[in-house]
Amino acid sequence: MNIFGEKLLICAKQNSIDHDVWDYLEDLGVRLKLARRDEKKPIEYYEIQHKVVLIDIGGYFSSIAQQASLNILGIVEDTENGLQKYTSNIDGLQYPLFSVARNPLKKNEDHLVGKDIVFGADYILHKRNLLLQYMTVACIGYGKIGRGICSKLREMGLRPYVLELNNILAIEAIREGCIYLPDKNFAEMDVIFCATGSQSLNVLDFRNINDGTYLVSATSSDDEFDLSYLEEEYEKHEFDEFITEYRNDRNFFYLLNKGTPTNFAIGASLGDYILLVHAAIMVAIKKILTSHQNYKENTKKVYELTECENKMIASNWLQKIHKYNRLS
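These lines cover the structure that appears in this document, whether it is placed above or below.

So, the overall build of the chain
- Along its length, the chain carries 11 helices and 14 strands.
- For 328 residues, the compact-globule estimate of 2.2 N^0.38 gives 20 Å, and the C-alpha radius of gyration of the chain, at 21 Å, lies within 12% of that figure.
- Dimensions along the principal axes, computed over C-alpha positions, put the chain at roughly 55 × 50 × 40 Å.
- The burial tally for the chain puts 46% of its 328 residues in the buried class.
- Accessible area of the chain: about 17800 Å², with a carbon and sulfur share of 50%.

Side note on the nonpolar core
- Core analysis: the biggest nonpolar cluster contains 32 residues, and Leu 132, Val 137, Ile 149, Leu 153, Val 191 and Phe 193 have the highest contact counts within it.
- Looking at this core, the elements that each hand over two or more residues are helix H3 (107-126), strand E6 (137-140), helix H4 (144-155), strand E9 (191-194), strand E10 (213-217) and strand E13 (252-256).
- Residue contributions to this core peak at 6 residues, all from H3.
- The contacts of Leu 132, once residues within four sequence positions are left out, are Val 118, Asp 122, Leu 125, Val 137, Leu 153, Met 156, Leu 158, Val 191 and Phe 193.
- One finds Val 76, Leu 276, Ile 285 and Ile 321 within the second-largest nonpolar core, a separate group that totals 19 residues.

Focus on unusual backbone geometry
- Phi angles above zero are rare outside glycine, and Asn 129 is one such case at about 65°.
- Of note, Asn 129 is situated in the loop between H3 and E6.
- Owing to a relative accessible area of 71%, Asn 129 belongs among the exposed residues under this scheme.
- Although it is not a glycine, Lys 258 sits at a positive phi angle of roughly 60°.
- If you trace the backbone, Lys 258 turns up in the loop between E13 and helix H9 (274-290).
- Classification of Lys 258 by relative accessible area gives partly exposed; the value is 36%.

Brief notes about the sheet that holds strand E14 (residues 302-303)
- Sheet architecture is open: 4 strands sit in the order E3-E4-E5-E14, paired in parallel fashion. For this open sheet the edge positions go to strand E3 (52-56) and E14, each flanked by a neighbour on one side alone.
- With respect to the sheet, helix H2 (residues 80-87) is in contact with E3, strand E4 (72-77), strand E5 (97-99) and E14, its orientation differing from that of E4 by roughly 135°.
- Packing of H9 onto the sheet brings it into contact with E3, E4 and E5, and relative to E4 it is tilted by some 160°.

Description of the packing of H3 against H4
- Running from amino to carboxyl end, H3 crosses H4 at an angle of 50°, the nearest separation of the two axes being 7 Å. By the angle between their axes, H3 is oblique relative to H4. H4 is crossed by H3, and the crossing has right-handed handedness. Contact with H3, carried on its side by Asp 110, His 111, Val 113, Gly 114, Lys 115, Ile 117 and Val 118, involves Lys 144, Ile 145, Gly 148, Ile 149, Ser 151, Lys 152, Leu 153 and Glu 155 of H4 and no other residues of that element.
- Looking at the contact of H3 with H4 residue by residue, the class counts come to 6 nonpolar, 4 polar and 5 charged.

So, H4
- Its 12 residues place the ends of H4 17 Å apart at the C-alpha level, agreeing with the 16 Å of an ideal helix rising 1.5 Å per residue.
- Contact partners of the buried residues in H4: H3, E6, strand E7 (161-163) and E9.
- Of the residues one or two after H4, Gly 157 is the one with positive phi, at around 95°.

Let's talk about the sheet that holds strand E12 (residues 243-247)
- Strand order in the open sheet formed by 8 strands is E8-E7-E6-E9-E10-E13-E12-E11, with mixed pairing between adjacent strands. Single-partner strands in this sheet number two, and they are strand E8 (179-180) and strand E11 (235-238).
- With 3 bridges connecting them, E10 and E13 associate as parallel partners. The partner of Thr 213 across the bridge, within E13, is Phe 253.
- Running over the sheet, H3 touches E9, E10, E12 and E13 and is turned about 145° from E9.
- Contacts between H4 and the sheet are confined to E6, E7 and E9, with E6 contributing the most and set at about 165° to the helix.

Here's the deal with the pattern of salt bridges
- Counted by the stated rule, this structure contains 17 salt bridges.
- Measuring nitrogen to oxygen at the nearest pair gives 3.5 Å for the salt bridge that ties Glu 80 to Lys 144. Here the residue Glu 80 occupies a position in helix H2, and Lys 144 occupies one in helix H4, the gap between them amounting to 64 residues.
- Taken together, the shared-partner salt bridges in this structure form one network comprising Glu 80, Arg 102, Lys 106, Glu 109, Asp 110 and Lys 144.

Regarding the side chain of Ser 200
- Turning to its location among the elements, Ser 200 is positioned in the loop between E9 and helix H6 (203-207).
- Judged by its relative accessible area of 6%, Ser 200 falls in the buried class.
- If we ignore the near neighbours within four places in the chain, the residues touching Ser 200 are Ile 140, Lys 184, Cys 194, Asp 205, Glu 224 and Phe 225.

Thresholds applied
- Residues numbered from 1 in each chain as written.
- Predicted model: local features only at pLDDT ≥ 70, side-chain atom pairs only at ≥ 80, totals over all residues.
- Heavy atoms only, no water.
- Helix = DSSP H or I, 4+ residues; strand = E, 2+ residues; numbered from the N terminus.
- Rg over C-alpha atoms; globule rule 2.2 N^0.38 Å.
- Buried < 20%, exposed > 50% of the residue type's maximum accessible area, 1.4 Å probe, protein only.
- Areas by Shrake-Rupley, 256 points an atom, 1.4 Å probe, with all protein chains shown as cover.
- Core = buried A, V, L, I, M, F, W, Y, C linked by side-chain atoms within 4.5 Å.
- Contact = heavy atoms within 4.5 Å.
- Pairing = 2+ DSSP bridges.
- Axes fitted to C-alpha atoms, helices over the stretch in contact; angles between N-to-C directions.
- Parallel < 35°, antiparallel > 145°, perpendicular 65-115°, else oblique.
- Left-handed = near helix turned anticlockwise from the far one by under 90°.
- Nonpolar A, V, L, I, M, F, W, Y, C, P; charged D, E, K, R; others polar.
- Expected span 1.5 Å × (residues − 1).
- Salt bridge = Lys/Arg side-chain N within 4 Å of Asp/Glu carboxyl O.

The following block contains the structure:
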């Protein structure tokens, strides 16, 4: 906590909290804040009295980043969908923005997150006496996490359908053993994984989903689904903590884990690969603190780590892992 500054505030979403970690951080004197579900601009609910660097996971500070004259030295964004929120209005950015979302070191994490999402969905479906490997499965989006989802599905013996608007990625999906889905024709699908981070399904899509289809989100439900009008048209019934049914006279379908990524249902583990991303974030913070004035001169772009910096992180990681393996 004292490496880069004197004070640390963590603003946590309800479904991301590990209470043992929460209690441990409280004992260390870390200030903690619980974000509300409807909170679109979380930083507006507390004062920024000192110069800060914001570490964002999901673009939650993208609106604040448009406001000038705040005590913000810079922002580090971790996720792809969060980065898209910042770049959608990049000309309005008032502060230096670093991103590790497309850093090659993060590919390891994204791939494993995709696999964990499948593992979590399989766990939930098992509780209903359903076996994912015998179901017809589609994935919307073949980005970094979507690729990990499909990789795990293929390991289970499935050949997933893939809907991907980027034709280059669609070709890669076909090359890697998936079936190309040219449009949102989900009539034959039992399970649909949604991994775009940009509202892959809206109310019109929900109306055309086959009865009994299970929906799985790879990111926050408000990012992945357009839920406007959904609860006006459908009756909502929660079977248990993991399965929610939406039903009307037209059709019915199920949402797993309330639209939260299903890896949270199983206590996902990314092993030591997550340390690569954490290290990249720390290097980005250091660059903001040591060269703030240089980056402040051009805030209308996204800054990334250099290849040399990534290689340095990778080298240190390999040395630590090698030493650990020898000791164990």
